Amino acid sequence: MIESIPLSYYLLLSATLFTIGAAGVLIRRNTIIILMCVEMMMNAVNLTFIAFSRFLDSATGQVFVFMIMAVAAVEVAIGLALLVELNRHKDAVDINQFNSLKG
Amino acid sequence: MLEQIIFFALAAVAVLSALGVVFNKNVVHSALFLLLNFSTIAFLYFMLNAQFLGVAQILVYAGAIVVLFLFVVMLVGADVGEPLGNWLSGQNIFLMVLGLILLTVVGTAVFENTVLGAGGEMTPEVVAQFGQTEVIAAALFTQYTLPFQLVAVLLSVGVIGVVWLAQHQQRQKFRQVVAVLDAGWDGESQKVHHDKLRVNWLRRPKLFDFDWVEIARATDDDVARFTRQIENDEDRWRGLRYPQMVCVVSPECDLSESTHLKLRQMFGEVRTADVERGAQ
Amino acid sequence: MTQLIWLTIALPVIGLLFNGILGRRAGYRVVRVVGPLVVGLAFLVGLGAMFETLARDGEPVTVHLWTWAAIGDFEVPINLLVDPLSVLMVLVVTGVGFLIHVYATEYMIHTGSDGHAHPDRDYTRFFTFLNLFIASMLVLVLGDNYLMMYVGWELVGVSSYLLIGFWFDRPAQEQDPVDLGDGVEPVKLTPLLSPAASGMKAFIVNRIGDVGFALGVFLIWSTFGTLQFDEVFARAEEINSALPTVIPWITALLFVGAIGKSAQLPLYVWLPDAMAGPTPVSALIHAATMVTAGVYMIVRSNALYSLAPGVSNTIAVIGMATAFFAATIALVQTDLKRVLAYSTISQLGYMFSAVGVGAYTAGMFHLTTHAFFKALLFLGAGSVMHALHDVIDLRRMGGLKDKMKITWITFWVGSLALAGFPLMSGFFSKDEILAKDFEVSPLLWFVGVVTAGLTAFYTFRAVFLAFHGAPRDRHLHDHAHESGRPITFALGVLAVLALFGGLLGLPTWLGLPHVLENNLEPVYEYMHHADEHHLSLALEATLMAISALTAIGGIVVAYVFYIVNPAIPRNIARASRGLFNLLANKYWVDEIYNAAIVQPALQLARAMSGGIDKGLIDNVLVDGTARAIGRVGRSMSRLQDGYVGHYALATFIGVLVIVSYFFLR
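Residues numbered from 1 in each chain as written. Chains lettered and ligands numbered in written order. Predicted model: local features only at pLDDT ≥ 70, side-chain atom pairs only at ≥ 80, totals over all residues.

Colleague: Quick question: what am I supposed to make of the overall build of chain C here?
Modeller: Each helix and strand in chain C was counted, giving 26 helices and four strands. Each of the 665 residues in chain C was classed as buried or not, and the buried ones make up 49%. A fraction of 80% describes how many contacts in chain C between residues 6 or more apart in sequence connect residues 24 or more apart. (Helix = DSSP H or I, 4+ residues; strand = E, 2+ residues; numbered from the N terminus. Buried ≥ 20, exposed ≤ 12 C-beta atoms within 10 Å, placed from the backbone. Contact = placed C-beta atoms within 7 Å.)

Colleague: For this particular structure, what's the right way to read the environment of Ala50(B)?
Modeller: Topologically, Ala50(B) is positioned in the loop between helix H2 (27-47) and helix H3 (51-76). On the neighbour-count criterion, Ala50(B) (26 C-beta atoms within 10 Å) is buried. In this structure the C-alpha to C-alpha distance between Ala50(B) and Thr133(B), which are 83 residues apart in sequence, comes to 9.2 Å. In this structure Ala50(B) touches Ile50(A), Ser53(A), Arg54(A), Gln62(A) and Tyr45(B), once residues within four positions along its chain are discounted.

Colleague: Would you take a moment to explain the confidence of the model for chain C for this structure?
Modeller: As a general rule, the predicted coordinates of low-pLDDT regions are not to be interpreted in detail. Per-chain confidence: chain C averages 89 in pLDDT, with 99% of residues scoring 70 or above. This complex was scored by the predictor with a pTM of 0.66 and an ipTM of 0.91. (pLDDT = per-residue confidence, 0-100.)

Colleague: Sorry if this is basic, but what is going on with the sheet that holds strand S5 (residues 246-249) of chain B here?
Modeller: Residue and element names in this part refer to chain B. Taken in spatial order, the six strands line up as S2-S3-S1-S4-S5-S6 in an open sheet, and their pairing is mixed. Among the strands making up the open sheet, the edge pair consists of strand S2 (190-193) and strand S6 (269-272). Each neighbouring strand pair of the sheet contributes to a mean axis angle of 20°, computed without reference to strand direction. Pairing geometry for S5 and S6, over four bridges, is parallel. Its bridge partner being in S6, Cys247 is matched across the sheet by Val270. (Pairing = 2+ DSSP bridges. Axes fitted to C-alpha atoms, helices over the stretch in contact; angles between N-to-C directions.)

Colleague: What am I meant to see in helix H4 (residues 90-112) of chain B here?
Modeller: Every α-helical turn comprises 3.6 residues, leaving residues that sit three or four positions apart pointing alike. Along its 23 residues, H4(B) runs 33 Å from first to last C-alpha, staying within 8% of the 33 Å computed at 1.5 Å per residue. Considering only its buried residues, H4(B) is in contact with helix H1 (7-27) of chain A together with helix H26 (644-664) of chain C. (Expected span 1.5 Å × (residues − 1).)

Colleague: Even after reading the chapter, I still don't get the interface of chain B and chain A, so can you show me in this structure?
Modeller: For interface size, the figure often reported is the accessible area lost on association. At the junction of the two partners, chain B supplies 71 residues and chain A supplies 67 residues. For the side of chain B that touches chain A, the residue count by class is 53 nonpolar, 15 polar and three charged. (Nonpolar A, V, L, I, M, F, W, Y, C, P; charged D, E, K, R; others polar.)

Colleague: Please explain helix H7 (residues 229-242) of chain C as it appears in this structure.
Modeller: For H7(C), which comprises 14 residues, the first-to-last C-alpha distance of 20 Å matches the rise-based estimate of 20 Å (1.5 Å per residue) to within 8%. All buried positions along H7(C) are accounted for by Phe229(C), Val232(C), Phe233(C) and Ala236(C).

Colleague: What is the right way to look at the interface of chain A and chain C in this model?
Modeller: Chain A puts twelve residues into the contact, and the matching count from chain C is ten residues. Here the residues of the side of chain A that touches chain C are counted per class, giving six nonpolar, four polar and two charged.

Spelled out as structure tokens, the structure:
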């Protein structure tokens, strides 16, 4: 099958989205936004998997994405539950308030 | 040609919505940009002949996850969070440069390398014959049975974890935590009155997150030790709150003028009033 | 009984376990039965084995018990070797050991100042250790390979250490200076070491020898690939012709071990101090059995030693030098047990001179008779000590013969045997050694005869000072009494053995049967026979007459010196005060060793412990590592500031580096 859009376009798009997500994680201090950025990064990865799956005619990539989606759902659920709990404890969603991990 | 136009359009929307998520003051707006981002990616999946996952993407991400985010924003309050300050601070520019470097590196790699790999079993002919969902299901339930089971276990654990967290926060929900200095308080070091937790610092002389101070029966020395510990507190968050706190001193408590002065310096307001006795 | 020979080891082990674990609860009345009983039963087993061995003409039998270790083709079987030599040693060890155990049941009961008898505070511990010693010694003599011999060798060393330091809480003792009469400064004597220090000294000096022994065993292993006696001896001749230097090295190294264990020059210094232990220990370990292990080892290894004439000659010379050297010290000792201790060193020297000239049977013969009469003498000395409340200074004794008849008579028997009085056991064995020495070197013989004269003199000096003449300490004399039944029983039996032990080896040149010679023949199966030349009958008779006369002469001189005219020895001592001082203080050997070896070693040890161990290893390496890690950890922990954003940044940079590396390399 002749593909009018090469694989590298998808990969570059995916990399762009991933980098934006990563920059968001680093720049933002609002924990909710940070979680959103993490989700975006994961989506970028998913896009890579699907693109490879398409160009290599393999089901494996799609299976992986399927699993990642499940994991992401769990991650968001737990992450947000923790966030709510932290918010009650510290009355904040600022990531810099949660610094009790320090050595 | 049409396909390329559609791709670039979707790509542009995806990038712009991603930027919108990151650089947006309002959390609700960010969530909505996230929804847009997820949806565009779902369309890209369709373009890549991954219709099953495209639908799953819309259901799971655009549906469940974004809604969950919005719920949390509702619970926590959209107004909390950082004041949207100077985007172009030195630190942020440094971080953006880092991001650009990563992008450059990956981009170079993408364009300079050819992806090699054996063709898989999911050729268009097979898909046409059996249907896409069936092919994925076949892989999922034969080759990847064990990971699939593990994902199921993970989901269960996630559910249980969230339930536990929710219950836990129910139990510890105190509207107010009071640090009490009461030398005549026997028995347990803490008492619960409705939604108020009273902890006798004299029996448990460690710092904890309190938001009200009551001095019932204590000597100058006791108070001096208490204030010294607060002065040495390294927790920035607590340190910010002490100057806003109320300290109630019982009139029975015979404290020297210098101790009173110290308390006034330390806490936002020092009242003299009757204090509830611990050992009632 | 041959197949049951392991019982001789197992029985003392049972006694050791019983006494060690249950002894204290059972009480001393049970221990005093169990302790000697197990050794007595072991003796009976040994006796049975002896009759069977005699019945099959001394054919060696190997009793396989189990395999201790098998590593590749290196196998250590636990085998016991039953041949005439080991049976002889088993009989000596268990027989004399049994008598000494019986003796000790009484000896370890002290009469207090209130007149009441009460057992020693550690009565059970004493018998536990004594049983341990018997078991260890039997492992040494019954093992059929050098490894078991080495194990036994070390075990007897440990038992010896434990028993010398038995009264570990007793302090060091000052000795009264020797008064030489008016106008001459008294001769000061060095203080005696405490029992604990004596035990350590014995152990450490023995260690020096044991290093040599261990190296010898290693060399045997690397040369022969086996440690089994029969295999080593069978191939000794072949190996010697292929590698002519290796057998001398093996024998020399093994002999270093014997020097330590059997108290020869220059490692004899521990034995006199070992007298700090209880007297039964001195009799059993430091006279009759353990110290003869070196002689046994050389006789056992006769196949090797006969191939190394140079080493053998050295052994003979060292042995005779030791004999003479120790005898001169014994002349002036004031402590009865120390006289006997130097005498033991001296007699061991005789044995080594015998095995050195290839007269292995003569060595074993003297070993056996010496075990009888020297054990007897020590036990007699112990009996005197027991009567005099632990006083052992000859200068406070005298006139004891009427108070302790049995002790007196048996002591006389033992002394006559030691002095080599005609027809006593020591006469035959010593004469045989001297005759063999004469065959090799008349000079060796001459020194031996002189030493024999000295031996007779110092022995009877002790006898006359202790038992004859007027009591020197009236108070002690009044309170002296004969010792109890078990003591006199042991003395009686040993006196009979000392009297008739000579029957084991009557002179062959008179046509009389030499029991040991005839029966030990299988032991020398692999011995390398050098040219033998026999002395003429007349020469043999002359030599015997000379040694008999020397012995009698020594006794007579002692009689004149200490009974007839006690002024003579004092005048001689006054005239040659310097020599007397030298002898009384043992040639200052301990002091020389202390200055030349012990103090430098201690200083080195202190420098090592303070400088290397504490300074370098503890402070720099161990603590320094910990400190460095702590410091790095503290500085690194500042990176852990708790801000999730910083952690994420670190992760991001890490990813960036890795990705760049993989994509851009």
